[in-house]
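Chains, contacts and geometry: an overview
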Amino acid sequence: MAEGIQPIFILPEGYTRTSGKDAQRNNIAAAKAIANTVKSTLGPRGMDKMLVDNIGDITITNDGVTVLKNMEVENPAAKMIVEVAKTQEEEVGDGTTTAVIIAGELLKSAEVLLDQSIHPTLIARGYKIAANETQTILDKMSIKLDVNKKEDLAKVVKTATIGKSTGGDEHVVNLIVDSIRHVKSAVGRNESVDLDDIKIEKKVGGGLADSKLVKGVIIDKEKVHPDMPDVVKNAKIALVNMALEIEKTNVDAQIRIEKPEQLGAFLDEEEKMLKDMVKKVKESGANVLVCQKGIDDTAQHFLAKSGILAFRRVSENDIKKIGKATGAKVVSSLDELEGDALGSAGVVRVEKLAGETLAFIEECKNPKAVTILIRGGTEHVIDEVQRAIEDSLGDLRAVIEDNGAIVAGGGSCEMEVSRQLREFGKKLEGREQLAVNSFADSLEIVVKTLAENAGLDPIDILVDIRAAHQKGRVWAGVNLSDVYKPAVSDMDKEGVIEPLRTKKQAIKSASEVAIMILRIDDIIAAGKSANQPPQMPGGPGGYE
Ligand code: ADP
Ligand code: MG
């Protein structure tokens, strides 16, 4: 700057600005730090984390995205990495840790190239080429399982749950597979799965082995009248979304009652209307009534007298699920309650579990909605079991919707993609090739981390697996299911398999964020104000 010239301030007071190399290094450091926090949870021998929030609530988890969501990360680059985990969670459900550690490793490898004075845009370009190529390679190398075969689906679930607190428990694996088999529906030739059709209900108490699949729906409701039966077999179910009450008029009306008999007559009339409503329910043949709105005390009494088991103020969501499970139509007038509007269930019963009453609408013939009831010693246990179940349901949906497309796990898939990427890179010009090779190296982090978390020597394992792939063993990976088997095995034969979609998405979103972070060379940050969360103006690459 020439002497005497005043510096020009273009930013208001309180803003900080970091540019060039410093900005890049800071961002990369932050991303690496995030990847490092979740690294130790990866794979069957991964450890759990205990998260304590500001009011002292505890979460114990092995799930990458849950760790990151609870961390309240502030650094903007770190936040972008957390977003990767969230995207993965939304798109597939599983593979969140994998996505994050690949993103971290891509940036770590990029740093080495930056040190050799290779321009970040060149690295970004090479990464982009590599990322596209990985998707093609993955598609080509993927194999198929039979989506109608229970054992095949069970393998996917086992791979997804083995490192979680369920430990790949056989009973839990089976009930997850059974649940999805009920709700999948054939759409044309492709199957489709709506995970909303699987309700997850948790109740503390008992053990994991007491968890079960209910072929129907469990609702958190008590019967409305003590004289109603606790159990109704061969249930005929009426679903109504209107109130069984006398509507109060909007207009102010005065009813002048002069003689006592008149009052009696008036009340009789009200009672008769409610009685008529119950009569309609009864005449439809229903022995169970599930009502979205309220049920008047008098109506409750008559329902009980007719031997009908009734529930009121059931959520719209639950009503829909009951409809899918039992085949009942939701009616908005009791006149519509004819024979085919009713649903059926083998049994409807109320039961006290851990001090709370639940209603089970179960043993449905061909339920299109089911419920997984999770039991376990403490709330922390069942919460973690729920996360494991949700991950594996996401995996199953992906496999079913993609006609059984899978790859093998244990890092085998990443190692093969890595090998093929290097081959592909040979055709490219020097510096692009360098970036593609760095991308290929980064994918090896999965095997290294799986081995490291299992207490094996990551370098030894890596070298062995690399050699195996050179010899054409496409699915050679690190085997952690059985301590008596060799550490390097063909993972497809070991039955350690994952959906193609999970892997494609993990590598895709990891590379997208790495590229985005690489392209940033200027961080302009507003100063923190007392009551506002920190904000980033849309810098190059655009935060959030
Ligand atoms: P993510 O959040 O990425 O799903 P996980 O902790 O669930 O992380 O670990 C998934 C990784 O564990 C995958 O790479 C998968 O192939 C691997 N894995 C699962 N079961 C085994 C096994 N028996 N042997 C080796 N690796 C396994
Ligand atoms: Mg997983």
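The structure displayed is predicted, hence computed values, not measured ones. (Residues numbered from 1 in each chain as written. Chains lettered and ligands numbered in written order. Predicted model: local features only at pLDDT ≥ 70, side-chain atom pairs only at ≥ 80, totals over all residues. Heavy atoms only, no water.)

1. What to know about the pattern of salt bridges
Short version of the rule: Any Lys or Arg side-chain nitrogen found within 4 Å of a carboxyl oxygen on Asp or Glu counts as a salt bridge. Put simply, DSSP marks the helices as runs of H or I at least four residues long and the strands as runs of E at least two long, and each gets a number from the N terminus on. Three labels apply to residues, based on accessible area from a 1.4 Å probe with only protein chains included: buried if under 20% of the type maximum, exposed if over 50%, partly exposed otherwise in between.
With the rule as written, the count across this model stands at 30 salt bridges. With a shortest N-O distance of 2.6 Å, Glu 362 and Arg 349 are connected by a salt bridge. Of this pair, Glu 362 sits in strand β15 (residues 356-362) while Arg 349 sits in strand β14 (residues 343-353); the two residues are 13 residues apart in sequence, bridging distant segments of the chain. Here the two residues Glu 362 and Arg 349 agree in accessibility, since each one is buried. With a shortest N-O distance of 3.1 Å, Glu 414 and Lys 503 are connected by a salt bridge. You can see Glu 414 sitting in helix α12 (residues 412-425) and its partner Lys 503 sitting in helix α16 (residues 500-518), a full 89 residues away along the chain. Comparing Glu 414 with Lys 503 shows no difference in burial state: the two are buried. One salt-bridge network, held together by shared partners, links Arg 422, Asp 441, Glu 444 and Arg 466.

2. Observations regarding the environment of Lys 150
Our working definition: By definition, residues are in contact when any of their heavy atoms lie within 4.5 Å.
Tracing the backbone shows Lys 150 in helix α6 (residues 150-161). The class for Lys 150 is partly exposed, based on a relative accessible area of 30%. It is 6.9 Å that separates the C-alpha atoms of Lys 150 and Val 177, two residues lying 27 residues apart in sequence. Sequence-distant contacts of Lys 150, that is, excluding residues within four places in its chain, are made with Val 177, Asp 178 and Arg 181.

3. Focus on the site of ligand 1
Filter applied, for reference: Throughout, the term near means that a residue has one or more heavy atoms lying within 4 Å of the molecule or strand in question. Contacts described as polar in this section are N or O atom pairs within 3.5 Å, which, within protein, must combine one atom able to donate a hydrogen with one able to accept it, while residues neighboring in sequence count only if both atoms come from side chains. Only the protein chains shown count as cover for residues, and the accessible areas themselves come from Shrake-Rupley with a 1.4 Å probe. All amino acids are sorted into three groups, where Ala, Val, Leu, Ile, Met, Phe, Trp, Tyr, Cys and Pro are nonpolar, Asp, Glu, Lys and Arg are charged, and the leftover types, Gly among them, are polar. Note: domain ranges come from an automatic or database domain assignment.
Taken together, 24 residues lie near ligand 1, and Asp 94, Thr 97, Thr 98, Gly 410 and Glu 498 sit nearest. Between Asp 94 and ligand 1, the recorded distance is 2.7 Å, taken from a side-chain N or O atom to an oxygen atom. In the complex, the protein chains occlude 97% of the 580 Å² of accessible area that ligand 1 would expose alone. Per element, the largest residue contribution to the shell around ligand 1 is three residues, and it comes from helix α4 (residues 96-115). Residue composition of the shell around ligand 1, by class: eight nonpolar, 12 polar and four charged. If you count residues domain by domain, the shell around ligand 1 takes at least three from each of domain 1 (17-144 + 407-523) and domain 2 (146-215 + 367-399).

4. Details of the packing of aromatic side chains
Defined as follows: When the centres of two rings from Phe, Tyr and Trp lie within 6.5 Å, Trp using its six-membered ring, the rings pair. Their planes under 30 degrees apart give stacked, over 60 give edge-to-face, and anything left gives tilted. Only when the NZ of Lys or the CZ of Arg is both within 6 Å of the ring centre and within 35 degrees of the ring normal is a charge said to sit over the ring.
Evaluation of the coordinates by the stated rule reveals one aromatic pair. Relative to Phe 439, the ring of Tyr 127 has its centre 5.5 Å away and its plane inclined at 85 degrees; by these criteria the two rings are edge-to-face. Within this pair, whereas Tyr 127 is found in helix α5 (residues 120-141), its partner Phe 439 is found in helix α13 (residues 430-443), the two being separated by 312 residues in sequence. For the residue pair Tyr 127 and Phe 439, the accessibility class agrees, reading buried in each case. Looking at Arg 349, its charged tip hangs above the ring of Phe 360, at a distance of 4.3 Å from the centre.

5. Structural notes on a nonpolar patch on the surface
The condition is simple: Patch rule: a residue counts if its relative accessible area is over 30% and it has no salt bridge; like charges are joined within 9 Å, and nonpolar side chains (Val, Leu, Ile, Met, Phe, Trp, Tyr) within 5 Å.
A cluster of nonpolar side chains, contributed by Met 50, Val 52, Ile 58 and Ile 60, occupies part of the molecular surface with about 340 Å² of accessible area. For the nonpolar patch, the elements supplying multiple residues, two or more each, are β2 (49-52) and β3 (58-61). On the secondary structure map, Ile 60 appears in strand β3.

6. Here's the deal with the nonpolar core
As a reminder, the rule being used: The nonpolar core is taken to be a set of buried Ala, Val, Leu, Ile, Met, Phe, Trp, Tyr and Cys residues, with the residues joined through side-chain atoms within 4.5 Å.
One finds Ile 81, Tyr 127, Leu 421 and Phe 439 to be the most contacted residues of the largest nonpolar core, which totals 78 residues. Counting residues per element, this core draws most heavily on α4, which supplies 10 residues. Not counting residues up to four positions away in its chain, the partners in contact with Leu 421 are Ala 130, Glu 133, Thr 134, Ile 137, Val 436, Phe 439, Ala 440 and Leu 443. Formed by 48 residues, the second largest nonpolar core is a distinct cluster that contains Val 232, Ala 238, Phe 311 and Ile 361.

7. Overview of the sheet that holds strand β8 (residues 212-214)
Test applied: In short, DSSP must find at least two bridges between two strands for them to pair. A fitted line through C-alpha atoms represents every axis, and for helices the fit uses only the stretch in contact; the resulting angles, taken between N-to-C directions, go from 0 to 180 degrees.
Read across the sheet, three strands follow the order β7-β16-β8 without closing on themselves; strand pairing throughout is mixed. Each edge of the sheet is formed by a strand with only one pairing partner; in this case those strands are β7 (198-204) and β8. Here the strands of the sheet are splayed against their neighbours by 25 degrees on average, with no regard to which way each runs. Looking at chain direction, β8 and strand β16 (residues 370-376) are connected through three bridges and run antiparallel.

8. Digging into the sheet that holds strand β17 (residues 405-408)
The strand order across the open sheet formed by three strands is β4-β17-β20, and the pairing between neighbours is antiparallel. Both edges of this open sheet fall to β4 (143-144) and β20 (497-499), since each of them pairs with a single strand only. In this structure, β4 lies alongside β17, joined through two bridges in antiparallel fashion. Bridging across to β17, Lys 144 finds its partner in Ala 405.

9. Describing the confidence of the model for the chain
Heads up, the rule is: Across the chain, each position has a pLDDT score giving the predictor's confidence in that residue, from 0 to 100.
Considering every residue of the chain, the mean pLDDT works out to 90; 94% of them sit at 70 or more. Low pLDDT, under 50, characterises residues 534-544; the stretch is placed with 20 contacts to residues that sit more than four places away or in other chains.

10. Some words on the packing of helix α3 (residues 76-91) against α16
Convention followed: Working definition: roughly parallel below 35 degrees, roughly antiparallel above 145 degrees, roughly perpendicular at 65 to 115 degrees, and oblique for all remaining angles. Should the near helix be turned counterclockwise from the far one by less than a right angle, the crossing is left-handed, whereas a clockwise turn marks it as right-handed.
Remark: α3 packs on α16, axes separated minimally by 10 Å, with the N-to-C direction vectors making an angle of 160 degrees. Compared by their axis directions, α3 and α16 come out roughly antiparallel. As α3 packs across α16, the resulting crossing turns out to be right-handed. Residues Ala 77, Met 80, Ile 81, Val 84, Thr 87, Gln 88 and Glu 91 of α3 pack against Arg 501, Thr 502, Gln 505, Ala 506, Ser 509, Ala 510, Val 513, Met 516 and Ile 517 of α16. For the contact of α3 with α16, the class distribution of residues is nine nonpolar, five polar and two charged.

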